[in-house]
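Structural overview
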Amino acid sequence: MPLIDSKTGKVIKEYSIDELKKMANHMRGLDMLSLCSAKSGHSGGTLSMMDVLAVLYLKIARHDPKNPEWVDRDRIIWSAGHKAPALYISLAVSGYFPEEQLATLRMLGAPFQGHPHRKDLAGVEISSGSLGQGMSVGVGAALAARLDKKNHKVFTITSDGEHQEGSIWEAVMEAGNFKLNNFINILDRNRLQIDGYTKDVQCLEPLAEKYRAFNWDVIEVDGHDIPALIDAFEKACNSKEKPTLILAKTIKGKGVSFMEDVAGWHGKPPNREEMDKALAELGLPDTFDLEKFFKIGADHQVKVEKHLSEKLPKFSADYWWNNQDNMKVDMDPTRKGMGRALSEYGDDERVVCIGADISDSITISQFYKDHPERKDRWISVGVAEQGGTTVAAGLAKEGKIPVFGTYGVFSSARNLDQLRVSVCYSDFNVLIVGAHGGVSVGPDGATHQELESLFQMCGLPNMRVGVPIDSVETKKMTRTMLFDIVGPKYIRFAREATPIVTDENTPFEFGIANIYRFRGEKDMFKDAFEVKLSTEYKNENEDLTIISCGPEAAESLRAAWILKKDYNIETRVINLHTVKPMDKEAITRAAKETKVIITAEEHQIGGLGNQVAAAILNGLSGDGNMMPFGMIGVKDRFGESGLPWQLIKEFEVSAEYIADKARTLLKLG
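For the structure given in this document, a descriptive report is provided here.

Cut-offs and rules
Residues numbered from 1 in each chain as written. Predicted model: local features only at pLDDT ≥ 70, side-chain atom pairs only at ≥ 80, totals over all residues. Heavy atoms only, no water. Helix = DSSP H or I, 4+ residues; strand = E, 2+ residues; numbered from the N terminus. Rg over C-alpha atoms; globule rule 2.2 N^0.38 Å. Buried < 20%, exposed > 50% of the residue type's maximum accessible area, 1.4 Å probe, protein only. Contact = heavy atoms within 4.5 Å. Areas by Shrake-Rupley, 256 points an atom, 1.4 Å probe, with all protein chains shown as cover. Lys, Arg positive; Asp, Glu negative; His and termini not counted. Charge placed at Lys NZ, Arg CZ, Asp CG, Glu CD. Pairing = 2+ DSSP bridges. Axes fitted to C-alpha atoms, helices over the stretch in contact; angles between N-to-C directions. Parallel < 35°, antiparallel > 145°, perpendicular 65-115°, else oblique. Left-handed = near helix turned anticlockwise from the far one by under 90°. Nonpolar A, V, L, I, M, F, W, Y, C, P; charged D, E, K, R; others polar. Salt bridge = Lys/Arg side-chain N within 4 Å of Asp/Glu carboxyl O. Phe/Tyr/Trp six-rings, centres within 6.5 Å; stacked < 30°, edge-to-face > 60°. Lys NZ or Arg CZ within 6 Å of the ring centre and 35° of its normal. Right-handed = clockwise from strand over helix to strand, strands pointing away. Polar contact = N/O pair within 3.5 Å; in protein donor to acceptor, adjacent residues only side chain to side chain. Core = buried A, V, L, I, M, F, W, Y, C linked by side-chain atoms within 4.5 Å.

1. Considerations on the overall build of the protein chain
When its secondary structure is counted, the protein chain shows 24 helices and 22 strands. Against the 2.2 N^0.38 benchmark of 26 Å for 669 residues, the protein chain shows a C-alpha radius of gyration of 26 Å, consistent with a compact globule. The dimensions of the protein chain, computed from C-alpha atoms along their principal axes, are 80 × 55 × 50 Å. Buried positions account for 62% of the 669 residues belonging to the protein chain. Nonlocal contacts in the protein chain, meaning residues at least 24 apart in sequence, comprise 78% of its contacts between residues at least 6 apart. Of the accessible surface of the protein chain, which amounts to about 25,000 Å², a share of 49% is contributed by carbon and sulfur atoms. Separation of charge centres in the protein chain, based on 82 positive and 95 negative side chains, amounts to 3 Å.

Listed below in structure tokens is the structure:
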């Protein structure tokens, strides 16, 4: 059944097979345009799905773009949230909104986040992005339909790499056990994931037999054959006793020759030249008004920048990074510091690195890239964070030094119980890497922006937690955690290039904070500060202390510069790179010796600030000394898509907001 007018029950449009083929091709063109406009996103797996989606959204599923919440609609649940552009395009061609709005894909304030959010856009059934969860949501929706005696179908969209998540197989088991004949899972079997072919990362075969063993009907089909897809869907919709898997065999990057069957195009967008070439190959070089399309995206960004500029606290000058003739910084992603450390110090035969399908992105693969002799100490678990964590525990039990790394949202939350029981309770020597921390992850959006790990990691007994300020300190901390700290340990760092404010001569000791003091403007920003270990620092009776960690500590240094230049305020900046065990002596000294305390974190507010406040109260409980205290951080909200530095401003964690908080607490007017 095609698109329906839910009020009249009439078909909105009946598509022929030829029309569906043309629409699938048109959707591929829209995909190239929107990804090019966003300058980020996933090309390969969106292109592979367009024939399936044209059939599903325009021929099979009962839904009404004018009544998205129609109670009798079929539910289409995207478990593979990284394919969000394909979801948005499917909704656009169905009539939910004009196609040109796709030009704002992944832009701040637009409804088209890097991973879909159901509250942003009509037609999106669930918020998704953390792989493996959507199928279980689908099971719940299918059970609800049965309880309510409804006849609608529940479709889920899954990826093959996603089938390395254990939660997928729990859902498969549940659906088969409950005989959910109203439940249809569509598996995009394009055989590739970020780290390569699924057969080489974590082999999934025999997939069809596995589903059948869990009491499913299985229909294997060419995912690019429109008539065959229609037949497969119609058979699935007529199932009487079992859930159905439509195993769609596809080609990643289908339709664009230089993208087809290439793992590198998994999470990569085309540039303008590549987009033009792709459109030509698709036979669509003159189909779209390109200038109009890209102008919509550019105009949106102008509005965003204007809004961010207007709300940013104002000072006597523009103190933004590298916007003045002096105080320059070099930028480098903190994640690269870990990669350099693993490359340099990985010869120790005890070190074993475990990747989880984003190995190049977080740089853990640098462990073996220039050292092929280490490849036997490299383990890829694919999209299986819980398994990777417990594998690390087993390696540590036998005397190895395992390093398990993935995005922070998956290495500190998805696997929290495994960390708690298998790693921390046993007190095993495991290094957990939480990459891409904070909102500066950017366009990927909320599901991939780790803003909660300090609550989770610092709450685990036996866990040590480090959050280095820049890539140089990240390298030092990685080496220290590898060889000097024995037991569970967690290192959090960012994705985006951030200021380098230390060098090889900057002191570093795990567990001992660094104290920074602004000494006057220099050509290079980092040379404007004197740095000492907190144990060696002499009180200068500063007006203010800012306590911070990670790249947010660099923002704190910039705030100290602003306050000195505009108000002659002397600021003690504490780089609390070791969050657990915390240097409480440095904190309580600052509370006694300075007038105001501010904490700053690119994290949910309180992850750092609450611990600092507790340290101050415990340290000062005997003398009753109270002081102005403020926190800068993300204010109890999820992240969203946008350019990294836009998000630093939007979430009000830049130096300007820190300095403005100081201005208020110090009553500077």
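2. Side note on the sheet that holds strand β21 (residues 596-604)
Strand pairs in the sheet, formed through backbone hydrogen bonds, run parallel or antiparallel to each other. Spatially, six strands are ordered β17-β16-β19-β18-β21-β22 in an open sheet, and the strand pairing comes out mixed. Each edge of the open sheet carries a strand with a single partner, namely β17 (529-533) and β22 (629-634). Neighbour-to-neighbour, the strand axes of the sheet open up by a mean angle of 20 degrees, direction not taken into account. Inspection of the sheet shows strand β18 (residues 544-548) paired to β21 by five bridges, in the parallel sense.

3. Let's talk about the packing of helix α10 (residues 272-281) against helix α11 (residues 290-311)
It is the contact of α10 with α11, at a shortest axis distance of 14 Å, that shows an interaxial angle of 140 degrees. The angle between α10 and α11 places the two elements in the oblique class. For the crossing formed where α10 meets α11, the hand is right-handed. Across from Arg272, Met275, Asp276 and Leu279 in α10, the residues of α11 making contact are Leu290, Glu291 and Phe294. When grouped by side-chain class, the residues that make up the contact of α10 with α11 number four nonpolar, no polar and three charged.

4. Notes on the pattern of salt bridges
Per the counting criterion, the structure on display carries 51 salt bridges. Across the pair aspartate 51 and arginine 28 runs a salt bridge, and its minimum N-O distance is 2.7 Å. Pair noted here: aspartate 51 is in helix α3 (residues 50-60) and arginine 28 is in helix α1 (residues 17-38), with a separation of 23 residues, a long-range link. Judged by relative accessible area, arginine 28 falls into the buried class, the value being 5%. The salt bridge involving arginine 212 is made with glutamate 220; its shortest N-O contact spans 4.0 Å. Among the charged side chains, a salt-bridge network with shared partners connects Arg517, Arg519, Glu530, Lys532, Glu540, Glu542, Lys564, Glu570, Arg572, Arg589 and Glu593.

5. Focus: the sheet that holds strand β2 (residues 154-159)
Overall, parallel pairing links the five strands, which are arranged β1-β2-β3-β7-β6 in an open sheet. Taken across any chain shown, the strands that pair with only one partner, and hence form the sheet edges, are β1 (75-78) and β6 (217-222). Ignoring strand direction, the axes of neighbouring strands in this sheet form an average angle of 20 degrees. For β2 and strand β3 (residues 183-189), the ladder comprises six bridges, and the chain directions are parallel. Within the sheet, the bridge partner assigned to threonine 158 lies in β3 and is leucine 187.

6. Some thoughts on the packing of aromatic side chains
Each aromatic ring pair is specified by the distance between its two centres and by the angle formed by the two planes. Under the criterion given, the structure shown has 17 aromatic pairs. When the centroid spacing of 5.0 Å and the interplanar angle of 50 degrees are considered together, the rings of phenylalanine 97 and phenylalanine 112 count as tilted. One end of the pair, phenylalanine 97, is in the loop between α4 (84-94) and α5 (134-147); the other, phenylalanine 112, is in the loop between α4 and α5, with 15 residues separating them in the sequence. Each member of the pair, phenylalanine 97 as well as phenylalanine 112, is classed as buried. Ring pairing ties together the aromatic residues Tyr319, Trp321, Phe518, Phe525, Phe529 and Trp561, which thus form one cluster. One residue, lysine 268, lies across the ring of tryptophan 265, its end atom 4.4 Å from the ring centre.

7. Comments concerning the pairing of β6
Relative to strand β7 (residues 244-249), β6 is paired through six bridges, and the arrangement is parallel. Note on β7: the bridge partner recorded for valine 221 is alanine 248. At this point the chain moves from β6, through helix α9 (residues 226-237), to the parallel β7, and the crossover so formed is right-handed.

8. A short note on unusual backbone geometry
A cis amide bond, omega 0 degrees, links glutamate 205 with the succeeding residue proline 206. By secondary structure assignment, the location of proline 206 is in the loop between α7 (198-201) and α8 (207-213). Going from lysine 580 to proline 581, the amide bond is cis rather than trans, its omega being 0 degrees. Looking at where proline 581 falls in the secondary structure, it is placed in the loop between β20 (578-580) and α21 (584-593).

9. A short note on the packing of α1 against α9
Relative placement of two packed helices is described by the angle separating their axes and the distance separating the axes. Taken N-terminus to C-terminus, the directions of α1 and α9 make an angle of 105 degrees; their axes are 10 Å apart at the nearest point. The angle between α1 and α9 falls in the class roughly perpendicular. Residues Ile17, Leu20 and Lys21 of α1 lie in contact with α9, whose contacting residues are Ile226, Pro227 and Ile230. Within the contact of α1 with α9, the residues separate by chemical class into five nonpolar, no polar and one charged.

10. Looking at the side chain of aspartate 64
Mapped onto the fold, aspartate 64 is located in the loop between α3 and β1. For the buried residue aspartate 64, which engages in no salt bridge, the nearest side chain bearing the opposite charge is lysine 66, 6.1 Å off. There is a polar contact of 2.7 Å between the side chain of aspartate 64 and the side chain of serine 6. Setting aside chain neighbours within four positions, we find aspartate 64 in contact with Ile4, Asp5, Ser6, Ile12, Trp70 and Tyr96.

11. Remarks on the pairing of β3
With seven of seven residues buried, β3 lies mostly within the body of the structure. Burial of the side chains of β3 extends over both faces: Phe183, Asn185, Leu187 and Arg189 are buried on one face and Ile184, Ile186 and Asp188 on the other. Chirality of the crossover, the property in question, places the unit of β2, helix α6 (residues 166-177) and β3 among those that are right-handed. Bridge count between β3 and β7: six bridges; the pairing is parallel. Within β7, the position partnered with isoleucine 184 by the bridge is threonine 244.

12. Focus: the nonpolar core
Side chains of a nonpolar character, in soluble globular proteins, are inclined to be buried together. Counting residues in each nonpolar core, the largest one holds 70 residues, and the members touching the most others are Leu53, Leu56, Tyr88, Phe97, Phe155 and Phe233. When residues in this core are grouped by element, the largest group, 10 residues, is from α1. Dropping the residues within four chain positions of it, tyrosine 88 is found in contact with Phe97, Leu102, Leu105, Pro111, Phe112, Gln113, His115, Pro116 and Leu121. In terms of nonpolar packing, the next biggest core, distinct from the first, is built from 45 residues, Ala553, Ile569, Val573 and Ile632 among them.

None of the figures reported here should be taken as evidence of function without further support.
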